[in-house]
Amino acid sequence: MRVKDLKWTINYTSRGNPTIEIVLELDSGATGRFASPAGASRGRLEAPPYPEGGLTAALKILREFREDVVGREFESQKEFDVYLSEYDGTGNYSRIGSVVSLGCSVAFAEAAAKEDGVPMFLWLSKGTASGYPLPLGNVLGGGKHSRGRSIDIQEILVFPSRISSYREGYDALIEVHKKVGKLLIQRDPGFTGGKNDEGAWTTNLSDEDALSLVSDAVDQVSSELGVKLALGIDAAASTLYDEATNSYFYRRRNRYLDREQQINYMLELIDKFGIKYVEDPVEENDYAGFSIINREAGRRSLIVGDDIFVTNVSRIKLGIEDKAANAVIIKPNQVGDLTKTLDAVMEAGLGGLKIVVSHRSGETVFPHLAHIAIAAGAILFKCGVVGGERIVKHMELMRLEEELGGLKPATFNL
Ligand code: 2PG
Ligand code: MG
């Protein structure tokens, strides 16, 4: 596959910030087009989105990169991504930035898949992917994704544990989202209908009242629809963490929890609300704290590492050795290309970790993440509930299931 042309334009994330849309064309005329999303609660070790000098510097690099890449031939995704990584030369895309690298990597994948005449997930999985994940959506949120008064836990999430079609699962998430909105009108006198960066409701209730409200919504919708739904949280604990005092600051209660109290608080919430999915319960460097939670609760809940692993093979390896988690968040822009992303998936899978492919809080309107989730063999697809930039990805999954046939849903047994 020979690269015929590389073009770009400025696109926008759902927060209204600029990102770069990359268009890559192959000699055959097949094209791919993608713009990277952006996180707000980013792990410290993520690939930097932009080089020093920001967007302007990235655009200058793209002009130089175009000269280098046009006319080159590649036989595989890996060959393209290794070339990208060598062109960057820093090991973590800090010279060209992950917005450029991931944009090029995904645009190449889409173009190559088209040239091959297969959907992108089959190109990425070399024809092996046969299942699709369960949808996991944020219905009530706070932390870095909300402004003003809101809960301290970043996300309260919901997912179905067994579905007969992706649409059945996604429709159930929409019903829970609506139900949560109705219950907020009854229980939060200050509720204005406000939603945050990921389309989750925001509220002035306490974290525990919010959890109990979502739990009620889950119970009601489960029995109305006959779909078994479970509750999850992303504590995004690194964003609560204060390094100077080794403690966690809960703004609403104006209270610091020391490390041990934080671990106990997470365990208490798991028990009290029957939580089946807990992401980042402690800060990103506390492997030992993660291990305690995984040992105590890992048989009844997924203990999921996001900021601690940053989709990075060596961080994941450490986590497997320490039994720090039983699941991993995979975000392609944390490492900056699809080969590194799938290497992280492979490493995690070998260590027995479940795979959760995730959106970012500032998303773009591209559907490709759905293909990456299927190619990764994910059990869960964390992608919000409402908002066009999220729906486009859920819809892609539904279309792939409905139009292609033969894909089977994952099941969750905990
Ligand atoms: C997270 C993500 C997505 P952000 O913490 O898991 O929900 O947020 O993209 O802001 O890192
Ligand atoms: Mg997270």
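Residues numbered from 1 in each chain as written. Chains lettered and ligands numbered in written order. Predicted model: local features only at pLDDT ≥ 70, side-chain atom pairs only at ≥ 80, totals over all residues. Heavy atoms only, no water.

## Here's the deal with the pairing of strand β2 (residues 18-26)
Keep this limit in mind: A 1.4 Å probe rolled over the protein chains alone gives each residue an accessible area, and that area as a share of the maximum for its type sets the label: buried under 20%, exposed over 50%, partly exposed in between. Counting from the N terminus, the helices are the DSSP runs of H or I reaching at least four residues and the strands are the DSSP runs of E reaching at least two. At least two bridges found by DSSP between two strands is the condition for calling them paired.
Burial analysis of β2 places eight of its nine residues in the buried class, the great majority of the element. As judged from the nine bridges shared by strand β1 (residues 3-12) and β2, these two strands associate in the antiparallel manner. Paired with Asp5 across the bridge in β2 is Glu25. Count of turn residues in the β1/β2 antiparallel hairpin: five residues, of which Gly16 carries a positive phi of about 85 degrees. In this structure, β2 lies alongside strand β3 (residues 31-35), joined through five bridges in antiparallel fashion. Bridge pairing in β3 links Glu21 to Ala35. Here β2 folds back onto β3 in antiparallel fashion, the turn holding four residues, of which Gly29 has a positive phi close to 100 degrees.

## Here we look at the side chain of Thr203
Rule in force here: For this analysis, a polar contact is any N or O atom pair within 3.5 Å, provided that within protein one partner can donate a hydrogen and the other can accept it, and provided that sequence-adjacent residues contribute only side-chain to side-chain pairs. In this analysis, two residues are considered to be in contact whenever any of their non-hydrogen atoms come within 4.5 Å of each other.
Here Thr203 lies in the loop between α5 (166-187) and α6 (207-225). Here Asp188 takes part through its side chain, which lies 2.7 Å from a polar atom of the side chain of Thr203. Looking at Thr203, its side chain comes within polar contact range of the main-chain nitrogen of Leu205, at 3.0 Å. Among residues more than four places away in sequence, those in contact with Thr203 are Leu140, Arg149, Ser150, Ile151, Leu184, Asp188, Ala210 and Arg252.

## Re the environment of Pro367
Inspection of the secondary structure puts Pro367 in the loop between β14 (354-358) and α12 (369-375). Pro367 sits in the partly exposed class, given a relative accessible area of 22%. Residues Pro367 and Glu389, 22 residues apart in the sequence, show an inter-C-alpha distance of 8.3 Å. Other than its neighbours up to four places away in sequence, Pro367 contacts Val392, Lys393 and Glu396.

## Observations regarding the packing of helix α2 (residues 77-88) against helix α3 (residues 98-116)
To be explicit about the condition: Working convention: axes come from line fits to C-alpha atoms, limited for helices to the stretch in contact. Angles between N-to-C directions cover 0 to 180 degrees. Roughly parallel here means an angle under 35 degrees, roughly antiparallel means over 145, roughly perpendicular means 65 to 115, and every remaining angle is called oblique. In a left-handed crossing the near helix is turned counterclockwise from the far helix by less than a right angle, and in a right-handed crossing that turn is clockwise. Ten residues, namely Ala, Val, Leu, Ile, Met, Phe, Trp, Tyr, Cys and Pro, are considered nonpolar, four, namely Asp, Glu, Lys and Arg, are considered charged, and the remaining ones, Gly among them, are considered polar.
At a closest axis distance of 10 Å, the pairing of α2 and α3 adopts a crossing angle of 160 degrees. Relative to α3, the element α2 is oriented roughly antiparallel. The chirality of how α2 crosses α3 is right-handed. Along its contact with α2, which presents Gln77, Phe80, Asp81 and Leu84, the element α3 presents Ser101, Cys104, Ser105, Phe108 and Ala109. Its residues assigned to classes, the contact of α2 with α3 shows five nonpolar, three polar and one charged.

## A closer look at the sheet that holds strand β10 (residues 255-258)
The three strands lie next to each other as β8-β9-β10, forming an open sheet whose pairing is antiparallel. The sheet is open, and its two borders are formed by β8 (241-242) and β10, each paired with just one other strand. By the bridge criterion, four bridges tie strand β9 (residues 247-250) to β10 in an arrangement that is antiparallel. Its bridge partner being in β10, Ser247 is matched across the sheet by Asp258. Contacts from helix α7 (residues 259-273) reach β9 and β10 within the one sheet, and its direction differs from that of β10 by about 95 degrees.

## Concerning the pattern of salt bridges
Pairing between side chains of opposite charge can happen when the charged atoms of each approach one another. Convention followed: When a carboxyl oxygen of Asp or Glu lies within 4 Å of a side-chain nitrogen of Lys or Arg, that pair is called a salt bridge.
Within this structure, the stated rule accounts for 28 salt bridges. Measuring nitrogen to oxygen at the nearest pair gives 3.0 Å for the salt bridge that ties Lys382 to Glu155. Of the two residues, Lys382 is situated in strand β15 (residues 380-382) and Glu155 in strand β6 (residues 155-160); the sequence distance between them amounts to 227 residues. A single burial state applies to Lys382 and to Glu155, both of which are buried. Here Lys272 and Glu208 are joined by a salt bridge, their closest N and O atoms 2.6 Å apart. Here Lys272, found in helix α7, pairs with Glu208, found in helix α6; they are 64 residues apart in sequence, far enough to count as distant. Assessed through its relative accessible area of 57%, Lys272 is described here as exposed. Residue classification places Glu208 among the partly exposed positions, given a relative accessible area of 26%.

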